[in-house]
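A closer look at the structure
These are the residues of each chain, in order.
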Amino acid sequence: MPAIITRVFGEGFRVFFLSAGLYGLFVGVVWGLWLTVPYAVPDYGMAPPMWHAHEMIFGYATAALGGFFLTAVPNWTGAPDARAQFITLAAGLWLAGRMAMWFSGMLPAALVAVVDLAFVPILAVKIATQLIRKPKPQNMLFLLLLSFIWIADLFTHLEWTGMTDDTLHTGLRAGLLALCAMIAILGGRITPAFTRNAMRRAGVPEANWPISVPILDKSAMAVALTLPPIVLVLGSGAVAGSMALVLGVAQVSRMARWRAGWATREPILLALYLGLAMLALGLILWGLSVLGFGNEIAALHILGIGCVGGMTLAVMSRAALGHSGRALVAPGPMAVAYGLMAVAALSRWIGADLNAGYMVAMLLSDGLWVSAFALFLIAMWPALTGPKVQRSA
């Protein structure tokens, strides 16, 4: 057991991806309990649906971000990996925030806010010290997006502490859209690159590789970076809705050039395309709903479940396999999990317009989410807790 603990807390991807998987499973189970047996869930300092939304965005997703950045940034810059002491401290702060939110019904709202808001700044400072070694603008902008996530979380707590009366929903939406901006920018970088690498290994002629259009990529990046602060300042109005539509259409245009059809032969690659497709669909649906066409909550769940849930599973599984020395081939249970997450998002979206079947669709979506994370933990447990292996040639 001590050897496992040393390994888990010795590398950022291990402890944070494991935490994300366990917490994603936990929050899904709790949400299902609240939907079916409400009295089995403790009294929070906020309505259970708001706890659920907050913990998906600022609890689960920030753990996934922590594992990704603590692993990727040293590779980008050549900086030393974070030491085990820092990883343990950061993981402890993240867990303290989750405990504070769980017991928020018994704690002062201000204390809950302070504890919950502590993790992201610590993470940002750490990766800033690593990024400064090679301060490329395309990497430094992730610090800006982390700042948007922290401010969005602050907005939720300002209402819960009674300092404002109308910032909760703004904060939740801005936080989700900041995560989507991360995915639009990072996914737009790694998805065509990973596809090119796979095609090169398969001997596909270079003329058939994915094509990136710089002007389109830069325009999408600009809109993605602007959308979260627009929501924070102006709310979910016509400006934000129009920008979401533009970004969604731009994302479709980008993906049309990335040879998505070829990726269907490799589930670990296809999962990236599924997450980005949900990003495009969710942005278009949310933009339309804000402008008066469609159900906004259903559209937000396409982004939250399909995009954030699907893309984090794709990236976490790929990074866990690669950094533990294993082949970049999704195990069977992991491949199933990718599909379950996409179906969970679509079930939640379709169910929003049902009457008698609404609760059935909600429970189905939640059950698929829980199943996806159970499969993630089963498939990735050796990579996240076991020793590194020598990858076969």
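See the structure shown above.
First, a word on scope: everything that follows refers to the structure included in this document. Since we're looking at a predicted model, the values are computed, not measured. (Residues numbered from 1 in each chain as written. Predicted model: local features only at pLDDT ≥ 70, side-chain atom pairs only at ≥ 80, totals over all residues. Heavy atoms only, no water.)

**Observations concerning unusual backbone geometry**
Convention followed: Numbering of helices and strands starts at the N terminus; helices are DSSP runs of H or I of at least 4 residues and strands are runs of E of at least 2.
One non-glycine residue, Arg 259, lies in the positive phi region at around 60°. Relative to the elements of secondary structure, Arg 259 occurs in the loop between helix H10 (238-255) and helix H11 (267-290).

**What about H10?**
Put simply, the rule is: What a helix should span is 1.5 Å times the count of its residues minus one. Burial classes follow relative accessibility: with a 1.4 Å probe on protein chains only, a residue under 20% of its type's maximum area counts as buried, one over 50% as exposed, and anything between as partly exposed. What makes two residues a contact is simply this: any of their non-hydrogen atoms within 4.5 Å.
With 18 residues, H10 ought to run about 26 Å at 1.5 Å a step, and its terminal C-alpha atoms sit 26 Å apart, in line with that. The set of residues buried in H10 consists of Ala 240, Gly 241, Met 243, Ala 244, Leu 247, Gly 248, Ala 250, Gln 251, Arg 254 and Met 255. Structurally, H10 contributes buried residues whose contacts are with helix H8 (168-202), helix H9 (214-234) and H11.

**Some thoughts on the pattern of salt bridges**
Between side chains of opposite charge, a pair can form as their charged atoms come close. The line we're drawing: Each reported salt bridge corresponds to a side-chain nitrogen of Lys or Arg within 4 Å of a carboxyl oxygen of Asp or Glu.
Considering all chains together, one arrives at 6 salt bridges under this definition. Between Glu 55 and Arg 98 there is a salt bridge, with the nearest N and O atoms lying 2.6 Å from each other. You can see Glu 55 sitting in helix H3 (residues 48-77) and its partner Arg 98 sitting in helix H4 (residues 84-102), a full 43 residues away along the chain. For the pair Glu 55 and Arg 98, one class covers both residues: buried. For Glu 296, the salt bridge is made with Arg 173, and the minimal N-O distance between the two is 2.7 Å. Of this pair, Glu 296 sits in helix H12 (residues 296-323) while Arg 173 is found in helix H8, placing the two residues 123 residues apart along the sequence. The class for Glu 296 is partly exposed, based on a relative accessible area of 22%. By relative accessible area, Arg 173 is classed as buried at 12%. The network of salt bridges with shared partners includes Glu 11, Arg 14 and Lys 388.

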